[in-house]
Amino acid sequence: MIPRAPLRLALALDRQWHGAPSREVCGRLELSRVGGDLQLRALLRQAGTPRVPTAPPGTRVEGLWNFDVVECFLAGSGGRYLEIEIGASAHFLLLAFHARRLRAHSWPDLRLPTSHGRTPDGAWWAALRVPGALLPSGLRAANACAIAAGRFLAYHPLPGPIPDFHQPSRWPAARLAER
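All residue numbers here refer to positions counted from 1 along the written sequence of the relevant chain. Given that the model is predicted, a residue must reach a pLDDT of at least 70 before its local features are reported, and side-chain atom pairs must reach 80 or more before they are shown or counted; all residues, however, enter totals for whole chains, interfaces and linings. Excluded from the side-chain calculations are hydrogens and water; all other atoms, namely the structure's heavy atoms, are used.

1. Describing the overall build of the chain
Part 1 of the reasoning: A tally of helices and strands in the chain yields 0 helices and 11 strands.
Part 2 of the reasoning: Only DSSP runs of H or I reaching four residues or more are called helices, and only runs of E reaching two or more are called strands; each is numbered from the N terminus. Taken from the N to the C terminus, the helices and strands of the chain come in the order β-β-β-β-β-β-β-β-β-β-β.
Part 3 of the reasoning: Three exposure classes are used, based on accessible area relative to the maximum for each residue type with a 1.4 Å probe and protein chains only: buried under 20%, partly exposed in between, and exposed over 50%. In the chain, buried positions account for 49% of the 179 residues.
Part 4 of the reasoning: A contact between two residues is defined here by any heavy atoms of the two lying within 4.5 Å. Long-range pairs, those at least 24 residues apart, make up 58% of the contacts in the chain with a sequence separation of at least 6.
Part 5 of the reasoning: Counting only carbon and sulfur atoms, one obtains 54% of the accessible surface of the chain, whose full area is about 8,500 Å².
Part 6 of the reasoning: Positive charges are assigned to Lys and Arg, negative charges to Asp and Glu, while His and the chain termini are left out of the count. In plain terms, the charge of a residue is placed at NZ if it is Lys, CZ if Arg, CG if Asp and CD if Glu. Computed over 22 positive and 13 negative side-chain charges, the inter-centroid distance for the chain is 4 Å. Residue-level accessible areas treat just the shown protein chains as cover; the underlying method is Shrake-Rupley with a 1.4 Å probe.

As structure tokens, then:
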């Protein structure tokens, strides 16, 4: 359950996409409800400097998955789902899908409140707030994933011979807190 703030649901990103432990990269994604909105905070520890786009920090970047990023997937009713990507400098990308990999919306002019920084031990963190109107109705499942330093991580492991985060039928159950 995704609780109301100040409580948070923390999804650990300490395993590779297929379930083996990750020693090179690890982190977490925290989710909470703020009013009708969804607050996300990603934290990732990785060797070296994170790969970030040249766009100004806190802006929408198409193809953000080509950089170091934490991703949140939220599945709703009717096969619809939302992908939320957050990069080290609070770059973001939201993509809505009608069905697996069938894009419905991408909100090219979207602006969201964001923040980002570094922890004392060198990990990067980034946060953003997604309006409730953009969340899929009938939330039923969620997963967190990351791409960083050439590694592919997932909170809940996903089957297949190559990393494929778009498997809504495999994501663990989730729902939004009512109160």
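2. What about the packing of aromatic side chains?
Each aromatic ring pair is specified by the distance between its two centres and by the angle formed by the two planes.
Part 1 of the reasoning: Each pair of aromatic rings taken from Phe, Tyr and Trp, with Trp reduced to its six-membered ring, is defined by centres within 6.5 Å and is described as stacked if the planes are under 30 degrees apart, edge-to-face if over 60, and tilted in the remaining cases. Scanning the model with the defined rule gives 5 aromatic pairs in all.
Part 2 of the reasoning: A ring pair is formed by Phe73 and Phe165, whose centres lie 6.4 Å apart and whose planes are at 65°; its orientation type is edge-to-face. In this pair, Phe73 is assigned in strand E4 (residues 69-75) and Phe165 in the segment after strand E11 (151-154), connecting sequence segments 92 residues apart.
Part 3 of the reasoning: Judged by relative accessible area, which is 6%, Phe165 ranks as buried.
Part 4 of the reasoning: Note on Phe152 and Phe165: the rings are 6.4 Å apart at their centroids and 55° apart in plane angle, and the pair reads as tilted. In this pair, Phe152 sits in strand E11 while Phe165 sits in the segment after E11, placing the two residues 13 residues apart along the sequence.
Part 5 of the reasoning: Exposure remark for Phe152: the relative accessible area of 32% places this residue in the partly exposed category.
Part 6 of the reasoning: Grouped by ring-pair contacts, the aromatic residues Phe73, Tyr81, Phe97, Phe152, Phe165 and Trp171 constitute a single cluster.

3. Remarks on the pattern of salt bridges
Part 1 of the reasoning: In the sections that follow, a salt bridge refers to a side-chain nitrogen of Lys or Arg positioned within 4 Å of a carboxyl oxygen of Asp or Glu. Scanning the model with the defined rule gives 10 salt bridges in all.
Part 2 of the reasoning: Residue Glu30 is joined to Arg8 by a salt bridge in which the shortest nitrogen-to-oxygen separation is 3.3 Å. Of this pair, Glu30 sits in strand E2 (residues 26-34) while Arg8 sits in the segment before strand E1 (9-13), and the two are 22 residues apart along the sequence.
Part 3 of the reasoning: The class for Arg8 is exposed, based on a relative accessible area of 54%.
Part 4 of the reasoning: Residue Arg60 pairs with Glu62 through a salt bridge whose shortest N-O separation is 2.8 Å.
Part 5 of the reasoning: For Arg60, a relative accessible area of 18% puts it in the buried group.
Part 6 of the reasoning: Its relative accessible area of 40% is what places Glu62 among the partly exposed residues.

Note that every value here comes from positions in space, so none of it alone points to a role or purpose.
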